[in-house]
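# Summary of the model geometry
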Amino acid sequence: MFVRFNKIRLRLPAAFMACVLMLSVFGLFGPANSAAAEVSIETSAEALPATVSPGSSTVVNVNVKSPENLSVLVDLEIFDASLKKVAQMFKDNVNVTAGEQTTVPFTWSVPANLPQGSYIVSLGIFGAGWNGQYKWQAGAAKINVSGGGSSAPGFTSSAAATPSSLAPGNSVGIDATVTASVYAEALVDVNVIRPDGVKALVQTFAQTFEAAQAKHFPASWAVPQDAPAGPYKVEIDVLKPDRTQTYHVNADAGQFTVASSTSGSKIKVSVKTNSNASTQQPSPGLEITNVSNEPLNLSDMKARYYFTIDGEKPLAVDFWTTTAKANVTARFVKMPVPSASADYYLEIGFTAAAGTLAPNAKVGVYTWFNKQDWSSFNQTDDYSFTNSSAVQDSVKSTGYLSGHLNWGAEPALLDIPPYPSNLTAAAADTSIAVTWDAVVDATGYDVEADGRLIENLTESRYTDSWLRPGTWHTYKVRTKQAGKVSIWSSPLTVKTTGQQVLPAPANVKAKPAETAVTVTWDRLTEAVTGYDIEVDGTVTDVSTNTTYQHSGLVSGSQHSYRVRAKDGGTLGPWSDLIKANTIFVPTGPFTVNFQVDTSADRAPISPYIYGTNEDLAGIDKWGARRIGGNRMSTYNWENNASNAGADYFNRSDNYIPWYYGGVPWGGNMDEPGVGVAGFHRKSLEKGSLHPGDAADGRVCGKR
């Protein structure tokens, strides 16, 4: 028996291989809903290049020809020598024109760890949307992979634990997911790691993986009554079937939290929140109940509510309580090492004056808090958020007695170093020295100074130099440790000593009305505490406003204004004085009187703004020589002619070179621009500055 594939005669094993390749399609997609109409479709495939190395790529061109117009799905599958599928790609809604060959290109990125060998390319033509099969061609092409074979298959993994927090005596379900980059046979170990590093569970699965196929491995663990409280990790290990080689380890595939055993707790914490996914003002209410048989000092108790700040800003909190409010404390703490679901917590405590809490009695503290800018919190990822306005026991809001965890479980922390603590600064006029506590095993620090990143400092200090006196600056620090980076510390804002040099406010404008004048000005970019405005000689503080309404005025009256900025006790210069008249609306005849005060608003006149066209002998007051007038407006520098226009019978002549340039009448007028050049030479002879010597931009001015 013989079967023909791509003009190569194959014996019985090849025929069997072709059948297997054909069946693999039906195994993947199942039988077609209905057979496609019988159409004689011609197909072929070619790989360019046909020989590749692991980590490279090749293009497989699939050629399709049909006697009818069709919209088809082209499926391309690649198999290894054992007929294990290593790749699959398809393109839908490919339009094939009757009688014309359509080429459909596929790019195959060869996995870097794919073993060397010969790989078989098979293709299928289906109706668009997998609607029936027109043709399947097994062994349409061959790709040789050379240079591989020694690399282990690659894997990715993750795990989800449900519930994410539980008490001893309950069970947690684990859904582990593993994906292989190529076909592989392997063992999968799903491990539960206790807070002390001990493996509490190892569950093994033997599995065969197809390329890029995700496999799920369910596991379950009953938490013993004596299980230590704290964060537990799910670790996934993938090994060679004989365990002689480890392919993959994910030590942080998932996590869950085991709370303190309620059997040994003396207190419990109950919480109510709300069901808002996003809010500007979270409002957790915490109730602490004494579940012991003896009175407990309230001053020994604390309860924590964990949340994510979602954009660090100063926080404010308020509350009402079932006890005396003066005996309750509330503070926010930024966690040195955050968790995936918390970077801050709100801690409720009590003073010694709060007294005791009797057995089975409870105390409630019902809070609400917000950020300074009232930006929103995303509560869905907050560790202690219950998504309910009903009070319920919650092991995710922890309770403490005398500083020790007595109820609940703290969130599992990220595997990063803590940020530096005790960030302090010493300010001088033009520099600020920032210091912080060294972090154990830190390999370096980064500083953010006014948004600038200074990286890889080896010491726990930084000096910011070349600053202006009296200016504000903000700093944050983070830790580096063996390739891991902490979160940023909270920002520290510091002001240099000395007085800030403030400019006068710009763009001061007055807009008059009949009985009022509105004055506006631009806000300074410098940090200021406010502005003063002088109104008709009287200074008024307008805080940080950049507008002032001067009202109750007489129609047609004149008023004066100027503005200055201030930073605490530092006063900037006044802006130029401006005057404005209120609008006068006459109701009948009126008299207008003009009065000119020649002594008011006087200023020296620059000598450089005056000049003369004439070279007047014996007059030395002119500070400049001038070239201009009607003649210059008609001057043609190419032929040195100009027209007198109405000044003198519309005559065109060489007046400009003669008068300004000193060229004798009837002399050489062929030099382009000789009129201007001659004027310049003549000015230099009279002691004028050369343009390059005039620092203030003057040309032809006297020394």
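None of these values were measured; they are calculated from a predicted model. (Residues numbered from 1 in each chain as written. Predicted model: local features only at pLDDT ≥ 70, side-chain atom pairs only at ≥ 80, totals over all residues. Heavy atoms only, no water.)

## Overview of the overall build of the protein chain
Within the protein chain, the regular secondary structure consists of four helices and 50 strands. For the protein chain, with 703 residues in total, the buried portion stands at 42%. Long-range pairs, those at least 24 residues apart, make up 64% of the contacts in the protein chain with a sequence separation of at least 6. Of the accessible surface of the protein chain, which amounts to about 36500 Å², a share of 51% is contributed by carbon and sulfur atoms. (Helix = DSSP H or I, 4+ residues; strand = E, 2+ residues; numbered from the N terminus. Buried < 20%, exposed > 50% of the residue type's maximum accessible area, 1.4 Å probe, protein only. Contact = heavy atoms within 4.5 Å. Areas by Shrake-Rupley, 256 points an atom, 1.4 Å probe, with all protein chains shown as cover.)

## So, the pairing of strand β41 (residues 509-512)
Bridging between β41 and strand β42 (residues 517-520) involves four bridges; their strand directions are antiparallel. Looking at β42, one finds that K509 is bridged to T520. Between β41 and β42, which pair antiparallel and follow one another directly, the connecting turn spans four residues. (Pairing = 2+ DSSP bridges.)

## Details of the pairing of strand β21 (residues 285-290)
Most of β21 sits out of view: six of its six residues are buried. Burial along β21 is two-sided: G285, E287 and T289 and L286, I288 and N290, pointing in opposite directions, are all buried. As paired elements, strand β19 (residues 267-272) and β21 share six bridges and run antiparallel to each other. Its bridge partner lying in β21, V269 is registered against I288.

## Some words on the nonpolar core
Formed by 37 residues in total, the largest nonpolar core has its most connected members in I288, L298, M301, Y306, F307 and F350. Taken together, the elements giving at least two residues each to this core come down to β19, β21, β23 (301-307), β25 (328-339), β26 (342-350), β28 (362-371) and β31 (399-401). Those residues in contact with M301 that sit more than four places away from it in its chain are I267, I288, L296, I348, G349, F350, L357, Y400 and L401. In terms of nonpolar packing, the next biggest core, distinct from the first, is built from 33 residues, V74, V96, V110 and L123 among them. (Core = buried A, V, L, I, M, F, W, Y, C linked by side-chain atoms within 4.5 Å.)

## A word on the sheet that holds strand β4 (residues 51-52)
If you trace the five strands from one edge of the open sheet to the other, you get β4-β10-β9-β6-β7, paired in mixed fashion. Of all the strands in the sheet, the pair left with one neighbour each is β4 and β7 (85-96).

## Describing the packing of aromatic side chains
Taken as a whole and assessed by the stated rule, the structure comprises 29 aromatic pairs. When the ring of F155 is compared with that of Y247, the centres are 5.8 Å apart and the planes differ by 20°; the resulting orientation is stacked. Of this pair, F155 sits in strand β11 (residues 155-162) while Y247 sits in strand β18 (residues 246-258), and the two are 92 residues apart along the sequence. Each member of the pair, F155 together with Y247, is buried. Among the aromatic residues, ring-to-ring pairing joins Y655, W658, Y659, Y660, W665 and F679 into one connected group. A cation sits over an aromatic face here: K91 above F106, 5.2 Å from the ring centre. Taking NZ or CZ as reference, K325 lies 5.1 Å from the ring centre of F319, over its face. (Phe/Tyr/Trp six-rings, centres within 6.5 Å; stacked < 30°, edge-to-face > 60°. Lys NZ or Arg CZ within 6 Å of the ring centre and 35° of its normal.)

## As for helix α4 (residues 674-685)
Look at α4: 16 Å from first C-alpha to last across twelve residues, which is about the 16 Å you get at 1.5 Å a residue. Here α4 has its buried residues at V674, G675, G678, F679 and S683. Buried residues belonging to α4 abut α3 (655-659). A positive backbone phi angle near 90° is found at G687, which sits one or two residues after α4. (Expected span 1.5 Å × (residues − 1).)

## Quick notes on unusual backbone geometry
The peptide bond linking L48 to P49 adopts the cis configuration, its omega dihedral lying at -5°. Structurally, P49 is set in the loop between β3 (42-48) and β4. Cis peptide bonds are those with omega within 30 degrees of zero, and the linkage from T162 to P163 qualifies with -5°. Structurally, P163 can be placed in the loop between β11 and β12 (165-166). The phi torsion at L83 lies on the positive side, around 65°, for a residue other than glycine. Checked against the element boundaries, L83 lands in the loop between β6 (70-79) and β7.

## A closer look at the confidence of the model for the protein chain
Of the residues in the protein chain, 89% reach a pLDDT of 70 or more, and the chain-wide mean stands at 87. In the model, residues 22-34 has pLDDT below 50 throughout and makes 20 contacts with residues more than four positions away in sequence or in other chains. Below pLDDT 50 for its whole length, residues 694-703 participates in 22 contacts with residues either more than four positions away or in separate chains. (pLDDT = per-residue confidence, 0-100.)

## Section: the side chain of T398
Structurally, the position occupied by T398 is in the loop between β30 (392-393) and β31. A polar contact of 3.1 Å, which involves the side chain of T398, links it to the side chain of Y400. Contact partners of T398, with chain neighbours within four places excluded, come to V269, K302, A303, R304, Y306, L405, W407, G408, A409 and E410. (Polar contact = N/O pair within 3.5 Å; in protein donor to acceptor, adjacent residues only side chain to side chain.)

## Observations regarding the environment of D576
Note that D576 resides in the loop between β47 (570-571) and β48 (578-581). Judged by relative accessible area, D576 falls into the exposed class, the value being 67%. Each C-alpha atom, one on D576 and one on V508, is 8.4 Å from the other, the two residues being 68 residues apart in sequence. The residues touching D576, leaving out its near neighbours within four places in the chain, are Y561 and R562.

## Quick look at the environment of L187
By secondary structure assignment, the location of L187 is in strand β14 (residues 184-193). Sequence separation between L187 and K240 is 53 residues; the distance between their C-alpha atoms is 6.2 Å. With sequence-adjacent residues up to four places away left out, L187 is seen in contact with T204, F205, A206, D237, V238, L239, K240, P241 and R243.

## A word on the side chain of T321
Among the structural elements, T321 can be located in strand β24 (residues 315-321). A distance of 2.8 Å separates a polar side-chain atom of T321 from the backbone oxygen of G364. Those residues in contact with T321, other than ones at most four positions away along the chain, are V328, V363, G364 and V365.

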